[in-house]
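In case you want the letters, here they are:
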Amino acid sequence: MGFLNKMERKFGKYAISNLTFWLLGAWLTGFIIQLTMPEVQLLLTLEPAYILKGQVWRIVSWLLLPPSVNMVFLIFFFACYYFIGISIERAMGAFRYNVYLFSGILCSILGAFLLYGGYYAATGGVSITVIGYFFRTEYITMSLFMVFAVIYPNVEFRLYFLIPVKAKWMGILDAVWMGYMFLQSNLPGRVAIFSSLLNFLIFFFSTRDYNRVSPKEVRRRQVYRQQVRRPSQVAKHKCAICGRTEEDGAELEFRFCSKCEGNYEYCQDHLFTHQHKKRG
């Protein structure tokens, strides 16, 4: 986090504000392409083999391919993720939100190239051109929602517009679903899932307070709880002259003086020998 602080001080002025708006704009463009020119989608996928042959636009054009969303819920989808995005940006700051989102995209690109390189080496130089299908923007939406659930765990969403569910439970459900998909997928699918969510894993584990589970901290909390459970030993009586209390001896007796103006209490040794207190 110290490294990010230094980077933010140096490059924070270059951060893109309201980045979610531009991301959703790219997906809206992708929806239009799906409806009007579906064949063009084949030219947009993240396919390292074609990128190395000169189709360099694929490094970023795959971001135009939107998540799989029913057109009936399209407006709800955009409204929901715009709220999620601006909430995360408000909590992190524009620079850190930029870093989080772009690092997830970069990890996906690196994952695709590493996977392609592994296949290329394993097949003795045979070019593989079916990798881009696995690297999709659905994983970007999941990484955004899960980090939102970490930052705002108690925000409620209406499931099917009726059932109130807190973000933390939906985030846990997303994590379980991603784990199931990871186990059920083949190697390309697993690489795509892991690389796409690597930014979330880094964020999650780097923001945990591991000091709270250290043996020293656990012992400190145990001692504190024991001290809180002990009844407080507060003296009920105190001599205004010598300062002795009932804790100084069970034989001591204390009385208030009726001639002193104020609440002055004395032990038996000073009850009749003290000088009476007068106001003014």
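These numbers come from a predicted model, not from an experiment. (Residues numbered from 1 in each chain as written. Predicted model: local features only at pLDDT ≥ 70, side-chain atom pairs only at ≥ 80, totals over all residues. Heavy atoms only, no water.)

A. Layout of unusual backbone geometry. Positive phi, normally seen in glycine, also occurs at Asn18, with a value near 55°. Residue position: Asn18 is located in the loop between helix H1 (2–11) and helix H2 (19–36). (Helix = DSSP H or I, 4+ residues; strand = E, 2+ residues; numbered from the N terminus.)

B. Structural context of the nonpolar core. By size, the foremost hydrophobic cluster in this structure holds 48 residues, and its most contacted members are Ile84, Ile88, Phe135, Ile140 and Leu144. Secondary structure elements with two or more residues in this core: H2, helix H3 (48–51), helix H5 (74–92), helix H6 (94–122), helix H7 (138–151), helix H8 (167–184) and helix H9 (187–206). Those residues in contact with Ile84 that lie beyond four places of it in its chain are Leu144, Phe145, Phe148 and Phe157. Cys239, Cys257, Cys260 and Leu271 belong to the second-largest nonpolar core, a separate cluster that totals eight residues. (Core = buried A, V, L, I, M, F, W, Y, C linked by side-chain atoms within 4.5 Å. Buried < 20%, exposed > 50% of the residue type's maximum accessible area, 1.4 Å probe, protein only. Contact = heavy atoms within 4.5 Å.)

C. Structural detail: the side chain of Glu89. As for its position among the elements, Glu89 is in helix H5. Buried and unpaired, Glu89 has Arg90 as its nearest opposite-charge partner, separated by 8.8 Å. For Glu89, the residues in contact, after removing those within four places along its chain, are Ile16, Ser17, Asn18, Leu19, Ala94 and Tyr97. (Lys, Arg positive; Asp, Glu negative; His and termini not counted. Salt bridge = Lys/Arg side-chain N within 4 Å of Asp/Glu carboxyl O.)

D. Just the packing of aromatic side chains, in detail. Under the definition given, this model contains twelve aromatic pairs. Here the aromatic rings of Phe21 and Trp22 are separated by 5.3 Å at their centres, their planes lie at 85°, and the arrangement is edge-to-face. The exposure class of Phe21 is partly exposed, given its relative accessible area of 46%. Considering the side-chain rings of Tyr116 and Tyr120, the 5.9 Å spacing of their centres and the 35° angle between planes classify their relative orientation as tilted. (Phe/Tyr/Trp six-rings, centres within 6.5 Å; stacked < 30°, edge-to-face > 60°.)

E. Up close: the layout of surface pockets. Here the largest pocket defines a volume of roughly 1000 Å³. Surrounding the largest pocket, 25 residues form its lining, Phe76, Phe77, Tyr81, Leu159 and Met170 being those nearest its centre. Looking at the lining of the largest pocket, the elements that each hand over two or more residues are H5, H7, strand S1 (156–159) and H8. Classifying every residue of the lining of the largest pocket by side-chain character gives 19 nonpolar, three polar and three charged. (1 Å grid on protein atoms, 1.4 Å probe; cavity = no way out; pocket = protein on both sides within 12 Å on 5 of 7 lines; lining within 4 Å. Points joined across faces, edges and corners; volume = space filled by probe spheres on them. Nonpolar A, V, L, I, M, F, W, Y, C, P; charged D, E, K, R; others polar.)

F. Local environment of the pattern of salt bridges. In total, this model carries two salt bridges according to the counting rule given. Residue Arg136 is joined to Glu138 by a salt bridge in which the shortest nitrogen-to-oxygen separation is 3.3 Å. The salt bridge involving Glu253 is made with Arg255; its shortest N-O contact spans 3.8 Å. Overall, Arg255 belongs to the partly exposed group, its relative accessible area being 45%.

G. Spatial organisation of empty space enclosed by the protein. If you walk through the whole model with that rule in mind, you get one cavity of 30 Å³ or more. Lining of the largest cavity is provided by Leu101, Gly104, Ile105, Ser108, Ile140, Ser143, Ser196 and Asn199. Breaking the lining of the largest cavity down by element, the ones donating at least two residues are H6, H7 and H9. The element contributing the most residues to the lining of the largest cavity is H6, with four residues. Tallied by class, the residues present in the lining of the largest cavity amount to three nonpolar, five polar and no charged.

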